[in-house]
Amino acid sequence: MCTALTSNGKKFLFGRNLDLEYGFQERVTRVPRRFPLTFRAEPPLREHYALIGTAAEDGNFPLLADGMNEKGLCAAGLNFPESASYSPERAPGAHNIAPHEMIAWVLGRCACAKEAEELLRGTRVAAEAYAPHYPIAPLHWIFADREYCFVAEPRGGRLDLYENTAGVLANEPPFGFHMQNLRAYLNLTAEYPKSRFPSPALRPYGVGMGAFGLPGDCSSSSRFVRAAFYRANSACGEGKFAEVSQFFHVLGAVEMPRGGVLTAEGKCDMTRYACCMDAEAGVYYVKTYENSRVRAYGMRTEGDVIQQFSMQGEEDILFVD
């Protein structure tokens, strides 16, 4: 289970929580312009926009879970196990890519979200695994820049595209459900509420009552609503990293602590990492469940060698005696 969102302040920020019951040897990954991107059914990209994001540990192809390119286009793939339905075979006359290729395919070629949307109108996602021992990941995707945000969902062998005015994505059900469900929470407000009862003595017994009814569980539909509410009402402080810090706080409102959510097999579904991308500065910020210190990685445009950085490590605490 995962949650992704955008933020349009002085900076354009994009990021996500990655929630899983297991790790996939995830690493922060830099892909310079001349690292060759080789696709199953499409011509290789010998040169492309530089990328940075989190990917599985594999030096041959960046199996990106999320990322951004040097032009400020951002993307994330989220689990979509009930509804994802890929093309059983490659479609003639269309671009054909595998699910694991999606983010690299779009970020390598497209300078903006509108360009990405146009590319995907002619793209089909084929049911092909990266390797025999890799599963075919059932995903849907969110793409965004400062000007536009959209969702791509593989349904019935086609790729459905939706403008995303909420700037948020979670997991199942499909995006259309989440937007319809959001209509049930239009009454929520961050303001101190006024009484609608005739008795003047009645008043709220504490702050926060304007958002009474905001769902607090970890289901995807509740996380979507909660992320949309805090995103819409986010108020940033001052300071060099204030917007980045605030973004992580919003993600923190939908994170999953270890032990709070168990899978059908009894495993802990938890927020393995949270990331924030400053798309205009080209900086990728990340923190993990085991180490909440935020680490920052800059974009590298030149070169032909992929770089990957371990995200492992214990909590880094400043002890003051």
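This structure is a prediction, so every number in the text was calculated from the model and none was measured.

Visitor: Would you explain the nonpolar core in this entry?
Guide: Membership of the largest hydrophobic core comes to 53 residues, with the highest contact counts inside it found for Phe14, Met68, Ile142, Tyr273, Tyr284 and Val286. In this structure, valine 286 is in contact with Val28, Phe248, Tyr273, Ala274, Cys275, Arg293, Val294, Arg295, Tyr297 and Met311, ignoring residues within four places of it in sequence. Counting residues in each nonpolar core, the second largest holds 38 residues, with Tyr86, Leu119, Ala131 and Trp141 among its members.

Visitor: Quick question: what am I supposed to make of the state of the cysteines here?
Guide: Two cysteines whose sulfur atoms are joined by a covalent bond form what is called a disulfide. In total, this model carries zero disulfides according to the counting rule given. For the unlinked cysteine cysteine 74, the closest cysteine sulfur is that of cysteine 275, found at 9.3 Å. The class of cysteine 74 is buried, set by a relative accessible area of 0%. Unpaired in terms of disulfides, cysteine 218 finds its nearest cysteine sulfur in cysteine 268, a separation of 12 Å. With a relative accessible area of 23%, cysteine 218 lands in the partly exposed category.

Visitor: When you look at the sheet that holds strand β14 (residues 283-288) in this model, what are you seeing that I'm missing?
Guide: Strands belonging to one sheet form pairs held by backbone hydrogen bonds; the direction of such a pair is parallel or antiparallel. Taken together, the six strands give an open sheet; going across it, the order is β12-β1-β2-β13-β14-β15, and neighbouring strands pair in antiparallel fashion. Each of the sheet's edge strands pairs with one partner strand only, and the pair in question is β12 (168-169) and β15 (295-298). One ladder, built from two bridges, connects strand β1 (residues 2-8) with β12; its direction is antiparallel. If you follow alanine 4 over to β12, its bridge partner there is leucine 169. Each of β1, β2 (12-20), β13 (270-278) and β14 is contacted by helix α5 (residues 242-252), which is oriented at about 150° to β13, the strand it contacts most.

Visitor: Looking at this structure, I do not really get empty space enclosed by the protein. What am I missing?
Guide: Here the idea is plain: a probe the size of a water molecule rolls over the atoms and shows the empty space left. Under the counting rule described, the total for this entry stands at one cavity of 30 Å³ or more. If you add up the space inside the largest cavity, you get close to 30 Å³. Lining the largest cavity we find Arg40, Ala41, Arg90, Asn96, Ile97, Ala98, Glu101, Ala126 and Glu128. Of the residues in the lining of the largest cavity, the class split is four nonpolar, one polar and four charged.

Visitor: Help me understand the layout of surface pockets, please; the structure alone is not making it clear to me.
Guide: Considering only enclosed or pocket space, the largest pocket measures out at about 1000 Å³ in volume. Lining the largest pocket are 38 residues, and of these Leu20, Tyr22, Phe24, Ala137 and Leu139 sit closest to its centre. Of all the secondary structure elements, the ones that give two or more residues to the lining of the largest pocket are β2, β5 (64-69), β6 (74-79) and β9 (139-144). Split by residue class, the lining of the largest pocket holds 25 nonpolar, six polar and seven charged.

Analysis parameters
- Residues numbered from 1 in each chain as written.
- Predicted model: local features only at pLDDT ≥ 70, side-chain atom pairs only at ≥ 80, totals over all residues.
- Heavy atoms only, no water.
- Core = buried A, V, L, I, M, F, W, Y, C linked by side-chain atoms within 4.5 Å.
- Buried < 20%, exposed > 50% of the residue type's maximum accessible area, 1.4 Å probe, protein only.
- Contact = heavy atoms within 4.5 Å.
- Disulfide = S-S within 2.5 Å.
- Pairing = 2+ DSSP bridges.
- Helix = DSSP H or I, 4+ residues; strand = E, 2+ residues; numbered from the N terminus.
- Axes fitted to C-alpha atoms, helices over the stretch in contact; angles between N-to-C directions.
- 1 Å grid on protein atoms, 1.4 Å probe; cavity = no way out; pocket = protein on both sides within 12 Å on 5 of 7 lines; lining within 4 Å.
- Points joined across faces, edges and corners; volume = space filled by probe spheres on them.
- Nonpolar A, V, L, I, M, F, W, Y, C, P; charged D, E, K, R; others polar.

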